[in-house]
Amino acid sequence: MLLKIGFIGAGKAGKTLGLYFKNHGLHISGYYSKTIESARTGADLTGSRAYLNMDDLAAVSEILFITVPDQVLAEIDAHAALLIEQKSIDRGKIWFHVSGAHPANILAGIKRAGGSVGSMHPLQSLGDPVSGAQGLEEAWFSLEGTAEALEAGKTILEVTGGHYSLIDGERKPLYHAGASVISNFFVTLLASGMRYFAAVGMKEEDILQAIKPLVEGTWSNIQRQGTVSALTGPIVRGDLNTVHLHMERIQKELPTELDLYKALGLKTVEMIEGKRLTPEQSEKIKMILEDQDHE
């Protein structure tokens, strides 16, 4: 299928998406970027062309992906809208951005000028373009925007075989916050847990090897059973003594970790209350977790 896709911005996201699309037979028309050198790196990677200005790229493209940092979106939107109004760019183009936090309507200027706007966000951490494009083979995408943009986005992802969900653009910050909790805070959570192992004398390199099968086994259980059924540990067992023992020792040796332990414990109780814990068990565990004195 010949979909002429141009990229405004030749950073990590632009090059990775461009290579992913190219690998699935989509036609990359080229790149326009802050510097011609950056545009050339994207063009060389995807067998396309580098452009000195946005309107020349738009002239040879049906779909434009704006792959710039979020704080630059408004600037690109204003410039593109002006070009459309001046008839330097045909208003029939479809414009996507790839921000996880902002809705398609952040491209309000382009939309007012007559363009179709959408957002397509891959739920994936992007590395270098080659490994990033490979990672996109298993990524899930979110789509939202105008009807024309949605149809174009669906067509692109049907060609690549990408899985996607249609989401509410106005609630996009919640979607992005969820991604941050799972991806960013997962790293924070691991770092916190590793401090416990270090406190009992384990070396960092040993900790990483020791927790790998634990993390992978937990993920495997979640995939098979879901979060509620996969949960193990003292809270789901209603083991009040163990939870109390944890908190006493944390208070003495890792006091800065106690608030996070308590918050996660309370969230765990909330998740399984009435499912794997009785109301009575839940209340008893909450009393321990909310106790301010563990000396």
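Looking at an unreviewed UniProt entry, one finds the protein chain named DUF2520 domain-containing protein and attributed to Dehalobacterium formicoaceticum.

Q: Any details on the overall build of the protein chain? Residues and values, ideally.
A: Each helix and strand in the protein chain was counted, giving 14 helices and 8 strands. Its C-alpha radius of gyration of 24 Å places the protein chain more than 25% over the 19 Å reference for a compact globule of 295 residues. Viewed in the frame of its principal axes, the protein chain has a C-alpha envelope of about 70 × 40 × 35 Å. Across the 295 residues that make up the protein chain, the buried fraction comes to 40%. Taking the contacts inside the protein chain whose residues are at least 6 apart along the sequence as the reference set, 60% of them involve residues at least 24 apart. Accessible surface computed for the protein chain: about 15900 Å², of which carbon and sulfur atoms make up 55%. Charge centroids of the protein chain, computed over 28 positive and 36 negative side chains, lie 3 Å from each other.

Q: Summarise the packing of helix H8 (residues 172-199) against helix H9 (residues 204-225); cite the residues concerned and give the values.
A: Look at H8 against H9: their axes get within 10 Å of each other, and the N-to-C directions meet at 120 degrees. Judged by the inter-axis angle, H8 sits oblique to H9. Crossing of H8 against H9: the hand is right-handed. Residue-level contacts link Phe186, Leu190, Met194, Phe197 and Ala198 of H8 to Glu204, Ile207, Leu208, Ile211 and Val215 of H9. Class assignment for the residues of the contact of H8 with H9 results in 9 nonpolar, no polar and 1 charged.

Q: With reference to specific residues and values, describe the UniProt feature "domain: Putative oxidoreductase/dehydrogenase Rossmann-like" (unreviewed entry) in the protein chain.
A: Using the residue numbers shown here, the UniProt feature "domain: Putative oxidoreductase/dehydrogenase Rossmann-like" (unreviewed entry) corresponds to residues 3-122. A distance of 19 Å separates the end C-alpha atoms of residues 3-122, which is 39% helix and 24% strand.

Q: Could you give an account of the environment of glutamine 225, naming the residues involved and the relevant values?
A: Its location among the elements puts glutamine 225 in helix H9. We classify glutamine 225 as partly exposed; its relative accessible area is 40%. Along the primary structure glutamine 225 and glycine 6 are separated by 219 residues, whereas in three dimensions their C-alpha atoms are 42 Å apart.

Q: Describe the UniProt feature "domain: DUF2520" (unreviewed entry) in the protein chain, listing the residues and the values that go with them.
A: The positions that UniProt labels "domain: DUF2520" (unreviewed entry) are, in the present scheme, residues 140-267. For residues 140-267, helix accounts for 75% and strand for 8%, while the C-alpha atoms at its two ends are 26 Å apart.

Q: Pulling in residues and values, what's your account of the nonpolar core?
A: Formed by 29 residues in total, the largest nonpolar core has its most connected members in Ile5, Phe21 and Phe65. Looking at this core, the elements that each hand over two or more residues are strand S1 (4-8), helix H1 (12-23), strand S2 (27-32), helix H2 (36-46), strand S4 (63-66), strand S5 (94-97), strand S7 (140-145) and helix H7 (147-160). The dominant element in this core, judged by the number of residues it contributes, is H7, at 5 residues. Excluding anything up to four places from it in sequence, phenylalanine 21 contacts Ile5, Phe7, Leu26, Ile28, Phe65, Met120, Ile156 and Thr160. Judged by nonpolar contacts, the second largest core, of 22 residues, contains Ile8, Tyr51, Ala58 and Ile76.

Cut-offs applied
- Residues numbered from 1 in each chain as written.
- Predicted model: local features only at pLDDT ≥ 70, side-chain atom pairs only at ≥ 80, totals over all residues.
- Heavy atoms only, no water.
- Helix = DSSP H or I, 4+ residues; strand = E, 2+ residues; numbered from the N terminus.
- Rg over C-alpha atoms; globule rule 2.2 N^0.38 Å.
- Buried < 20%, exposed > 50% of the residue type's maximum accessible area, 1.4 Å probe, protein only.
- Contact = heavy atoms within 4.5 Å.
- Areas by Shrake-Rupley, 256 points an atom, 1.4 Å probe, with all protein chains shown as cover.
- Lys, Arg positive; Asp, Glu negative; His and termini not counted.
- Charge placed at Lys NZ, Arg CZ, Asp CG, Glu CD.
- Axes fitted to C-alpha atoms, helices over the stretch in contact; angles between N-to-C directions.
- Parallel < 35°, antiparallel > 145°, perpendicular 65-115°, else oblique.
- Left-handed = near helix turned anticlockwise from the far one by under 90°.
- Nonpolar A, V, L, I, M, F, W, Y, C, P; charged D, E, K, R; others polar.
- UniProt positions renumbered as here; feature names shortened; annotations may be inferred.
- Core = buried A, V, L, I, M, F, W, Y, C linked by side-chain atoms within 4.5 Å.

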